[in-house]
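# Examination of the molecular architecture
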Amino acid sequence: MILPSLQNLILGDAQADRVVPPSGFTAHLTLFVSGAMAFLTVFALALSIASGRLADRWADELAGAATLRINAPADQKVAQTEAALAILQQTPGVARARALSREEQVGLLTPWFGADLPIDTLPVPQLIEVFSADPPYDATGLRLRLQAEVPGAVLDDHTRWREPLVEAARALRLLALISIVLLGGAMAAMITLAANAALAANAQVIEVLRLVGAQDSYIANAFIRRFTLRALSGAAAGVAVGMLGVWLLPEASEEGGFLTGLGLTGWRWLWPLVIPPLGALVAFIATSRAANKRLGDLT
Amino acid sequence: MIELDNVAYNYGGGELLNNVSVQLSPGAFYFLTGPSGAGKTTLLKMCYGALAPTAGQVRAFNMDVRGLDRDQMAMLRRRVGVVHQDCRFLDHLSLLENIALPLTVSGRDLAQEEDNLRELLNWVGLAERAHALPPELSGGERQRAALARAVILSPDVIIADEPTGNVDWEMSQRLLRLLVELNNMGKTIMVATHDLPLIRAAKNQVQARVLRISNRQLQLAGVDL
């Protein structure tokens, strides 16, 4: 039933369009509401995509990487590092382990201490990156073994601080998705109200159309088409402005951390383009329901 | 065509019509008369399905009107041309578009019906007013436009409720002539009116039957009006 009526809707009927008098007020309201909702939806969508991306990235790294820190007096550092690497290579579930080079460690400290840091004079611990395999290694077992053989080694598998972040990112994504659903619902509610107002304002017109033999579907389509097209054009404008807004956000970068990662990247720019047709669909369903209900009440 | 069988109608404050039976035969010309408030409009509305009788049965084209769904009712309205008391136009459309409205809503191609439309406008004498809006028309023009709209789909039955209510004698004669012409073309005509001179005038032009509502009943009126 929906497909042929959608087809009618798109092809339209210039004569049918004229039978309902143009109504400036509800037309502007519908345009504004769908535009505003689409604009907000773009941001909710960008937020949900970005937080989803963050959650996935953090979860991956959480599962995949750990850091082994070796705090040892300068003369033992090299020996302990080698011992730790040897243990790691023997441990099942460790895919790869690599000691960070001096330059890399300087790089990590630069943001805090500047580029001219005399690193050799400081008791900086040696860092070893540990990448886990699938299935992963047993962190508790590894810790116990390291404790026995490399007293200065501390294994940090990032769980403690990454897990709450991943959870926060996931909660953020859920909130964004709920917002999108609520925006759609609010738009449906407002278009239902606008459609009801238009149907009530045109009660005389509807009565005349019934008297000259118009079927309900004909009358309903005249209203549905109007509201669907308004919602479509309003949402298209809202999405265009919203996408411009997202595009103007600073790009995701290493320096900016996760807050700048809120924009859209690559093919994800296609996502907002789904909003106008969805908005039109919401308007179509809302107006259909309102029109069919109201026409059913008439004689 | 249209058959009322023991029909009663009750608005809630007592019966308006009771035990009304009438059969509209094809090609006949009827007048429906009676005092104001006697139920002329109610009876007509039951004939074209705008009101359902509270008792009895209304049959139109061999279908029980009560059993029709909304779409079938729309189809019935296309087979019965109705001239309403207050005409009922869409004020934002031109006269021409209003007359063509039954064509529009039944999905006909207006371009193909252009000759028909022009002919019809000439017939009711409104060719020059084709692009006027309904509020700009006089009472007589509105009635003629309503008649044109009622016949555009070439219905078998034409029902007119007080078509001469708001027009002068000359205009009512003109409307009557149009209705008689339609009757001569084989249409069944039912005109509700309390204008007795009009009925007398009609008797010279057409074999009209006069139905009178009195005391909630429908009677075939005598010749002695």
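Residues numbered from 1 in each chain as written. Chains lettered and ligands numbered in written order. Predicted model: local features only at pLDDT ≥ 70, side-chain atom pairs only at ≥ 80, totals over all residues.

Looking up chain B in an unreviewed UniProt entry gives the name Cell division transport system ATP-binding protein, with the organism given as Epibacterium ulvae.

As annotated in an unreviewed UniProt entry, chain A carries the name Cell division transport system permease protein and comes from Epibacterium ulvae.

## Overview of the overall build of chain A
Rules: By the criteria applied, helices consist of DSSP H or I runs no shorter than four residues and strands consist of E runs no shorter than two, each listed in order from the N terminus. Each residue is classified by how many other C-beta atoms fall within 10 Å of its C-beta atom, where C-beta atoms are placed from the backbone; a count of 20 or more means buried, 12 or fewer means exposed, and values in between mean partly exposed. By the convention adopted here, residues make contact when the C-beta atoms placed from their backbones lie within 7 Å.
Across its full length, chain A holds ten helices and four strands. The buried share of chain A, taken over its 299 residues, is 31%. Summarising the internal contacts of chain A: among those between residues at least 6 apart in sequence, 87% fall at separations of at least 24.

## Regarding the UniProt feature "transmembrane region" (unreviewed entry) in chain A
Residues and elements named next belong to chain A. For clarity, the threshold we go by: UniProt positions are given in the numbering used here, feature names are shortened, and annotations may be inferred rather than shown by experiment.
Taking the UniProt record as the reference, the feature "transmembrane region" (unreviewed entry) is found at residues 26–47, 171–191, 197–215, 227–249 and 269–286. For the annotated span residues 227–249, helix accounts for 96% and strand for 0% of the residues, and the straight-line distance between the end C-alpha atoms is 33 Å. Structurally, residues 269–286 comprises 67% helix and 0% strand, and the distance from its first C-alpha atom to its last is 28 Å.

## A look at the nonpolar core
Put simply, the test is: Here, a nonpolar core means buried Ala, Val, Leu, Ile, Met, Phe, Trp, Tyr and Cys residues linked by C-beta atoms lying within 7 Å of one another.
Grouped together as the largest cluster of nonpolar side chains are 118 residues, with contacts concentrated most on Ile191(A), Ala195(A), Phe223(A) and Ile159(B). With 13 residues, the single largest contributor to this core is helix 9 (residues 216–248) of chain A. Contacts of Phe223(A), omitting those with residues within four sequence positions, involve Val20(A), Ala195(A), Ala198(A), Leu199(A), Thr287(A) and Ala291(A). Counting residues in each nonpolar core, the second largest holds eleven residues, with Ala66(A), Ile70(A), Ile128(A) and Val130(A) among its members.

## Brief notes about helix 8 (residues 203–211) of chain A
Helical geometry note: an α-helix holds 3.6 residues per turn, so side chains three or four residues apart project in the same direction. Looking only at helix 8 of chain A, the buried set comprises Val205(A), Ile206(A), Val208(A), Leu209(A) and Arg210(A). Residue Gly213(A) follows helix 8 of chain A closely and has a positive phi angle near 95°.

## A closer look at the sheet that holds strand 5 (residues 63–64) of chain B
Residues and elements named next belong to chain B. Cut-off, in case you're wondering: Pairing between strands is defined by DSSP: at least two bridges between them are needed.
Pairing is antiparallel in the open sheet, where four strands are placed in the order 2-1-4-5. A single partner strand is all that each edge strand has here, and the edge strands are strand 2 (15–24) and strand 5. Across two bridges, the pairing between strand 4 (residues 55–60) and strand 5 is antiparallel. Paired with Ala 60 across the bridge in strand 5 is Met 63.

## Considering the environment of Ile191(A)
Residue and element names in this part refer to chain A. Position of Ile 191 relative to the elements: it lies in helix 7 (residues 159–201). According to the C-beta neighbour criterion, Ile 191 is buried, with 29 such atoms within 10 Å. Expressed as a C-alpha distance, the spacing of Ile 191 and Phe 227, which sit 36 residues apart in the sequence, is 7.8 Å. Among residues more than four places away in sequence, those in contact with Ile 191 are Thr 30, Val 33, Phe 227, Ala 231, Ala 283, Ala 286 and Thr 287.

## With respect to the sheet that holds strand 7 (residues 157–161) of chain B
All names here are of chain B. In plain terms, the rule: The axes are straight lines fitted to the C-alpha atoms, using for helices just the contacting stretch, and the angles between their N-to-C directions are given from 0 to 180°.
Spatially, 6-7-8-3-9-10 is the arrangement adopted by the six strands of the open sheet, whose pairing is mixed. Two strands close off the open sheet at either side, each with one partner strand: strand 6 (80–83) and strand 10 (217–220). Within the sheet, the average angular offset between the axes of one strand and its neighbour, ignoring direction, is 20°. Taken together, the four bridges between strand 3 (residues 29–33) and strand 8 (residues 188–192) define a ladder with parallel strand orientation. When the sheet's bridge partners are listed, Phe 31 is paired in strand 8 with Val 191.

## Describing unusual backbone geometry
Residues and elements named next belong to chain B. Even without being glycine, Cys 87 reaches a positive phi, approximately 70°. Mapped onto the elements of the fold, Cys 87 is located in the loop between strand 6 and helix 3 (95–99). Positive phi is not limited to glycine here, since Ser 154 has a value of about 55°. Note on placement: Ser 154 falls in the loop between helix 6 (139–151) and strand 7.

## Here we look at the pairing of strand 3 (residues 126–132) of chain A
All names here are of chain A. As paired elements, strand 1 (residues 65–70) and strand 3 share six bridges and run antiparallel to each other. Within the sheet, the bridge partner assigned to Arg 69 lies in strand 3 and is Leu 127. Note: strand 2 (residues 94–99) against strand 3, five bridges, orientation antiparallel. From the neighbouring strand, Ala 97 faces strand 3, where its bridge partner is Val 130.

## A short note on the interface of chain B and chain A
Defined as follows: Asp, Glu, Lys and Arg are counted as charged, while Ala, Val, Leu, Ile, Met, Phe, Trp, Tyr, Cys and Pro are counted as nonpolar; the rest, among them Gly, fall into the polar class.
Across the boundary between the two partners, chain B contributes 19 residues, which contact 15 residues of chain A. Counting residues per element, the ones that place at least two in the side of chain B that touches chain A are helix 2 (70–79) and helix 4 (101–105) of chain B. Sorting elements by how many residues they give to the side of chain B that touches chain A places helix 2 of chain B first, with five residues. A per-class count over the side of chain B that touches chain A returns nine nonpolar, three polar and seven charged.

## What to know about the confidence of the model for chain B
The predicted structure's coordinates, where accompanied by low pLDDT, should not be read in detail. All names here are of chain B. Selection rule: The score called pLDDT rates the predictor's confidence residue by residue, from a low of 0 to a high of 100.
With 98% of its residues at a pLDDT of at least 70, chain B reaches an overall mean of 88. Across chain B, the element-wise mean pLDDT spans from 84 in strand 10 up to 93 in strand 8. Across the predicted assembly, pTM comes out at 0.72 and ipTM at 0.86.

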